[in-house]
Amino acid sequence: MELLYKSTRGGEEKVTASQAILKGLACDGGLFVPENIPQFTTELKAWKDYGYKQVAYEVMSLYLTDFTQEELMECIERAYDDKFDTSAIAPIVEADGAFYLELFHGATIAFKDMALSILPYLMTTSAKKNKVTNDIVILTATSGDTGKAALAGFSGVAGTKIIVFYPKNGVSPIQERQMVTQKGENTYVVGIQGNFDDAQSGVKKIFGDKELVALLEEKGYQFSSANSINIGRLVPQIVYYVYAYLTLIREGKLNEGETINVVVPTGNFGNILAAYYAKNMGLPINKLICASNDNKVLYDFFETGCYDRNREFILTASPSMDILISSNLERLIYRIGGEDAKKNSELMNSLAGKGSYSITEDMRKQLEDFAGGYASEEEMEAKIKDLYEKTGYVLDTHTAVAASVYDQYVSRTGDRTKTVIASTASPFKFAQSVLKSIDPAYDKLSDYEQIDVLAKVANVRIPNAIEEIRTAPVIHDHVCQKEEMVQEIKHFLGI
Ligand SMILES: *Cc1c(COP(=O)(O)O)cnc(C)c1O
């Protein structure tokens, strides 16, 4: 049976999965959601010996119903290959009683690779299916990790171009270096004078700029999005929660049917939303623990039912979570509001207008699956140090926020349900902050000395993604004001 997608704002006809992937964002400014969340019809244990790719096929075929088996298999084969440094793709490490689901074994050593290695293929396949002849221009705002992962995914993919905007002073030195050294004629990287929300709002506005869109069409281009609002990002992210559960069963760490809790270090609410979808499909997940850093807008939302972005934007050592507008939350709001597009639009208009909205008591009752928490910089650093001293295992700053929030959750609730913590980046990506947490004396070392020290301390090989950028030349050095994003796009496309 075909699964169609509808906009959370209600102003648009239903579309197929491939059309939703091509469009990214709906024309009415809403996000595409499936008409209903598919349910597992097979008993999960039947998949327990499946490899990552097989699980990916089983899960994704439930959502991307207009892809043929061959099309979807080919996308999966091309995505989850030796770009990943382990055939497990998403291995699990047990440390101090928690299961860390390592989502950072792809090309850019952060969890965005899990979805962005497959999105280019989903997108070019979608274009073919819909007889699109325009080149696809991927427009992306990044808080650091999406940018590089999208660049790596799309670089050299025929029929696509990719433009990435990042906050010039809001990403880590390694993140910036990874982006500005990106090869590929079809890639373009611009730093903007502003924060991530400025970049993201700018990109959203450009998608709605009818004049520009018409000009692109005339020149044989059309925009799409690789941001986590694209359903083609969300669906591949559901896979690893299912795979993690199956791995734990296979390894005898979990009994069949036993429930788990999941902790996710959260920014744009994409990763945790994927876990929520997995739960709603029938994966035995109890609590979804949403971990924030000092930008704790989501924590406050779960506490009070009021989402309020009117607050100071704080730069932290977990920059991919420095976000005050968590775009994917709209999909949850829509769902807990009874899929009432009018109500959802009102709330989102209120967010766009006065920067806040409050949900009803009825809606709040449906948030019982979630627990919010946040960790300060000190708590995050203490967690890295503690876990390292206890076990030798080294977390990155984002994962450490999640791990710290998990500790707080356990002491608050006494809930000892077995727990999977999404480990979203390699510590090498944030080597400076990680080492400083272990011993402030390391702070004096240069960037590359820190990498070498970290390899010794953590007893792991330096990832290729890091080795590469040591010597790579800077290719992209454009910087613009947030009002100049359109000009940058026109410049790159030569229109
Ligand atoms: C993007 C990112 C996050 C946040 O994920 P969302 O899906 O935006 O909530 C957390 N950690 C790392 C390392 C990231 O790159």
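Residues numbered from 1 in each chain as written. Predicted model: local features only at pLDDT ≥ 70, side-chain atom pairs only at ≥ 80, totals over all residues. Heavy atoms only, no water.

**Student:** Before we move on, could you go through the overall build of the protein chain and cite the residues and values that matter?
**Tutor:** Per the secondary structure count, the protein chain includes 21 helices and 15 strands. Each of the 495 residues in the protein chain was classed as buried or not, and the buried ones make up 60%. Of the contacts made within the protein chain by residues no fewer than 6 positions apart, 75% connect residues no fewer than 24 positions apart. By element, 46% of the accessible surface of the protein chain is carried by carbon and sulfur atoms, the whole surface being about 18800 Å². Counting 51 positive and 67 negative side-chain charges, the protein chain places the averaged centre of each group 2 Å from the other. (Helix = DSSP H or I, 4+ residues; strand = E, 2+ residues; numbered from the N terminus. Buried < 20%, exposed > 50% of the residue type's maximum accessible area, 1.4 Å probe, protein only. Contact = heavy atoms within 4.5 Å. Areas by Shrake-Rupley, 256 points an atom, 1.4 Å probe, with all protein chains shown as cover. Lys, Arg positive; Asp, Glu negative; His and termini not counted. Charge placed at Lys NZ, Arg CZ, Asp CG, Glu CD.)

**Student:** Give me the sheet that holds strand 15 (residues 478-481): which residues, what numbers.
**Tutor:** In spatial order, the strands read 8-5-6-7-15; together these five strands make up an open sheet with parallel pairing. Strands with a single pairing partner mark the edges of an open sheet, and in this sheet they are strand 8 (221-225) and strand 15. Adjacent strand axes in the sheet meet at a mean angle of 30° when their direction is disregarded. Bridging between strand 7 (residues 187-193) and strand 15 involves four bridges; their strand directions are parallel. Following the sheet pairing, valine 190 is matched in strand 15 by histidine 478. On top of the sheet, helix 9 (residues 210-218) reaches strand 5 (135-141) and strand 8; it is set at about 125° to strand 8, its chief contact. (Pairing = 2+ DSSP bridges. Axes fitted to C-alpha atoms, helices over the stretch in contact; angles between N-to-C directions.)

**Student:** Describe the side chain of threonine 146, and please don't skip the residues or the numbers.
**Tutor:** With respect to the helices and strands, threonine 146 occurs in helix 6 (residues 145-154). Leave out the neighbours within four places in its chain, and threonine 146 touches Lys112, Leu116, Thr140, Ala226 and Arg233.

**Student:** With reference to specific residues and values, describe the packing of aromatic side chains.
**Tutor:** The final tally for this structure, using the stated rule, is 19 aromatic pairs. Ring plane angle 75° and centroid distance 4.9 Å describe the contact between tyrosine 52 and tyrosine 243, whose orientation is recorded as edge-to-face. A residue pair is termed long-range when its members are at least 10 positions apart, and tyrosine 52 in helix 2 (residues 52-63) and tyrosine 243 in helix 10 (residues 231-250) qualify at 191 residues. Each member of the pair, tyrosine 52 as well as tyrosine 243, is classed as buried. Ring pairing ties together the aromatic residues Phe269, Tyr276, Tyr277, Phe301, Phe302, Tyr307, Tyr357 and Phe370, which thus form one cluster. (Phe/Tyr/Trp six-rings, centres within 6.5 Å; stacked < 30°, edge-to-face > 60°.)

**Student:** Quick rundown of the site of the ligand? Include the residues and the values.
**Tutor:** Taken together, 15 residues lie around the ligand, and Lys112, Asp145, Gly267, Asn268 and Thr424 are the ones closest in. When the ligand is considered free in solution it has 380 Å² of accessible area, and contact with the protein chains removes 98% of it. More than half of the atoms belonging to the ligand lie within 2 Å of the grid points that define the largest cavity. A breakdown of the residues in the shell around the ligand according to their chemical character gives five nonpolar, eight polar and two charged. (Near = heavy atom within 4 Å. 1 Å grid on protein atoms, 1.4 Å probe; cavity = no way out; pocket = protein on both sides within 12 Å on 5 of 7 lines; lining within 4 Å. Sits in = over half its atoms within 2 Å of the grid points. Nonpolar A, V, L, I, M, F, W, Y, C, P; charged D, E, K, R; others polar.)

**Student:** Got a sec to walk through empty space enclosed by the protein? Specific residues and values, please.
**Tutor:** Scanning the entire structure with this criterion turns up five cavities of 30 Å³ or more. Approximately 260 Å³ is the volume found for the largest cavity. In this structure, the largest cavity is lined by 25 residues; those nearest its centre are Phe111, Lys112, Gly267, Asn268 and Ser320. Where the lining of the largest cavity is concerned, the elements lending two or more residues are helix 6, helix 10 and helix 11 (270-281). A per-element tally of the lining of the largest cavity places helix 11 first, with three residues. Of the residues contributing to the lining of the largest cavity, the split by class is eight nonpolar, 14 polar and three charged. (Points joined across faces, edges and corners; volume = space filled by probe spheres on them.)

**Student:** I'd like to hear about the layout of surface pockets, residue by residue, with values.
**Tutor:** When its volume is computed, the largest pocket comes out at roughly 960 Å³. Along the walls of the largest pocket sit 35 residues, with Leu25, Gly29, Lys204, Phe207 and Gly208 positioned nearest its centre. For the lining of the largest pocket, the elements supplying multiple residues, two or more each, are helix 1 (17-23), helix 8 (196-207), helix 9, strand 8, helix 13 (329-336) and helix 14 (341-353). Across the lining of the largest pocket, the residue classes tally to 17 nonpolar, eight polar and ten charged. Put simply, the second largest pocket is a space of about 640 Å³. The wall of the second largest pocket is formed by 31 residues, among which Ala107, Thr108, Ala152, Ala465 and Glu468 lie closest to the centre. Put simply, the parts of the chain that give the lining of the second largest pocket at least two residues each are helix 4 (112-116), helix 5 (119-129), helix 6 and helix 20 (464-471).

**Student:** How would you sum up the side chain of serine 326? Please name residues and give values.
**Tutor:** Along the chain, the position of serine 326 falls in the loop between strand 11 (306-308) and helix 13. The buried category is assigned to serine 326, whose relative accessible area is 5%.

**Student:** Before we move on, can you summarise the environment of glutamine 193 with the specific residues and values?
**Tutor:** Residue placement: glutamine 193 occurs in strand 7. Of the residues examined, glutamine 193 reaches a relative accessible area of 37% and is grouped as partly exposed. When neighbours within four sequence positions are excluded, glutamine 193 is seen to be in contact with Lys168, Asn169, Val479, Cys480, Gln481 and Lys482.

**Student:** Tell me about unusual backbone geometry, and please be specific about residues and values.
**Tutor:** A positive phi angle is found at aspartate 96, which is not glycine, with a value near 50°. One can find aspartate 96 in the loop between strand 3 (92-95) and strand 4 (98-102). We classify aspartate 96 as partly exposed; its relative accessible area is 41%. The phi dihedral of asparagine 459 falls on the positive side, at around 60°, and the residue is not glycine. Locating asparagine 459 in the fold gives a position in the loop between helix 19 (447-458) and helix 20.

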